[in-house]
Amino acid sequence: MLKKIASNSLVTGSAVYLATNILSAALPLALIPILTHHLTPEEYSKVGIFQTILSALSGIIGLNVIGALGTRERYHNVDNPEFKYYVGACLQICLASTATILAAGFLFSNEIEAWLQIKEAWIYGAILTASATYISRIPLTNWMFRKKALHYGAFHIAQNIAIATLTIILIVILNQGPEGRISSYVITATIIMPVSFMILRKEKILSLLSWHPHLLKDALKFGIPLLPHTIGIFLLNIADRLVVHSNLPPTDAGIYFFAAQVAAATSILFDAVNKSYIPFLFEKLKSQTEGGKRMIVRQTYKWFTGLLLGSTCCFFVAPLIIDSISTEEYRDAGIIVGWLILGQVFNGMYQTVGNYIFYEGKTVLLSITTISCGVIYVSLLTASVIIVTGK
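First, a word on what this report is: a plain description of the structure on this page. In every chain, residue numbers begin from 1 and rise along the written sequence. Selection of residues for local features in this predicted model requires a pLDDT of at least 70, selection of side-chain atom pairs for listing and counting requires 80 or more, and totals for whole chains, interfaces and linings are taken over all residues. Neither water nor hydrogens contribute to the side-chain values; these are computed over all heavy atoms in the structure.

**Some points on the packing of aromatic side chains**
Here the aromatic set is Phe, Tyr and Trp, taking the six-membered ring for Trp, and pairing holds for ring centres within 6.5 Å; pairs whose planes are under 30 degrees apart are stacked, those over 60 apart are edge-to-face, and all others are tilted. Counted by the stated rule, this structure contains six aromatic pairs. Taken together, a centroid distance of 6.0 Å and an interplanar angle of 85° make the contact between Y44 and F258 edge-to-face. Remark: F258 occurs in helix α13 (residues 250–264) and Y44 occurs in helix α3 (residues 41–60); sequence separation between them is 214 residues. The secondary structure listing takes helices from DSSP runs of H or I that are at least 4 residues long and strands from runs of E that are at least 2 residues long, numbered from the N terminus.

Structure follows, in structure tokens:
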């Protein structure tokens, strides 16, 4: 029985991805008592807005073309000489988009600094970190679709350990405050980027200087239609931070960012299952059998039911967790954390259905749906803030 389970790539892969994501999420959660004891809510809001900018840039840099590495099955065979050229095309798009955003950041740095009330250096740090994160996702994506879950886990966990270690050194020992937390991301990025290139070279899938316009076109054909989808995701998952930061006092904004970080920990389960499920799903969809399709639909409904049932428990458990890991200044986060977790649950449902649309290549339809939901959400959010604050 154990041999049968071990031979099941979905089970073993899911276990590794789940363990990876638990450890990756446990590290930021373990840091929360340290952060809440060494940062005031106002300082926490500065860290939160940097993470918001980082998330937004991560969705823009690279123009979503990394997803093409997973869906362009004709390149999955490492013996295919065009695979490394396709990786090179994705890297070229990443570097070009990074240079463009750096130029825009330089031109509008004063306006961005005044709007978000952050230092100019943090803007450039976020761009560097987002670019390094994108590049590190290429070996991770390669390992995921080649079912090398252990390679994926080791590299992913190493990045999070580096950030956590630097955070402790810079905040606790060197007493650098919010700058210490932000610097931990930037320093890790400067290390991860060359390491990622070394891994790609070792895997013999690095060809940065090659020029293949047809591969660039193919990658952009996949990625560009997803830009509205990326904007929609930004509106759904990140825009609330900007609205809160712009309309509430820094102390209240810091409490909200803290609650959002705790709620985001629930996404580890969704991410783990999704990463292990995608290769399995694509294999089933290739068969195009009615029985296989019905099985996928049934499993999807079961997954949704389990998520909704589990989310109800979070309204009671999450406030207790807030009380146990934070100081008195952050206790009000327990009032809203349950609702934020429910939002993460719906996001997990979206990820599941989105996989089917990605496989069919109907990214335009996905973009229209996501950005429409994002616009509705931001409109309702803004109206609610106006009603509550009177602004």
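**Some points on the packing of α3 against helix α7 (residues 120–145)**
One way to put it is that α3 packs onto α7 with a least axis distance of 9 Å and a crossing angle of 45°. Classed by the angle they form, the pair α3 and α7 counts as oblique. Where α3 crosses over α7, the handedness of that crossing is right-handed. On α7, the residues touching K46, F50, I53, L54, L57 and S58 of α3 are W122, G125, A126, I127, T129 and A130. All amino acids are sorted into three groups, where Ala, Val, Leu, Ile, Met, Phe, Trp, Tyr, Cys and Pro are nonpolar, Asp, Glu, Lys and Arg are charged, and the leftover types, Gly among them, are polar. Taken together, the residues of the contact of α3 with α7 sort by class into eight nonpolar, three polar and one charged. Between N-to-C directions, angles cover 0 to 180 degrees, with each direction set by a line fitted to C-alpha atoms, over the stretch in contact for helices. Any angle that is under 35 degrees is reported as roughly parallel, and any over 145 degrees as roughly antiparallel; angles of 65 to 115 degrees are reported as roughly perpendicular and all others as oblique. By convention the crossing between two helices is left-handed if the near helix lies anticlockwise of the far one by an angle smaller than a right angle, and right-handed if it lies clockwise. Whether two residues are in contact is decided by their heavy atoms: any pair within 4.5 Å suffices.

**So, unusual backbone geometry**
Phi at L63 takes a positive value of approximately 55°, unusual for a residue other than glycine. Within the secondary structure, L63 sits in the loop between α3 and α4 (66–71). The phi dihedral of Q117 falls on the positive side, at around 55°, and the residue is not glycine.

**Some details on the nonpolar core**
Buried residues of nine kinds, namely Ala, Val, Leu, Ile, Met, Phe, Trp, Tyr and Cys, make up a nonpolar core once their side-chain atoms join them within 4.5 Å. Exposed residues in this analysis have more than 50% of their type's maximum accessible area, buried residues have under 20%, and partly exposed residues fall in between, with area computed by a 1.4 Å probe over protein chains only. Counting residues in hydrophobic clusters, the biggest one holds 70 residues, and the most contacted among them are V87, Y134, I138 and F258. Once you skip the residues sitting within four places of it in the chain, I138 turns out to touch I66, L69, V87, L91 and L200. One finds Y17, W143, A149 and F155 within the second-largest nonpolar core, a separate group that totals nine residues.

Purely spatial values, then, with no claim about function.
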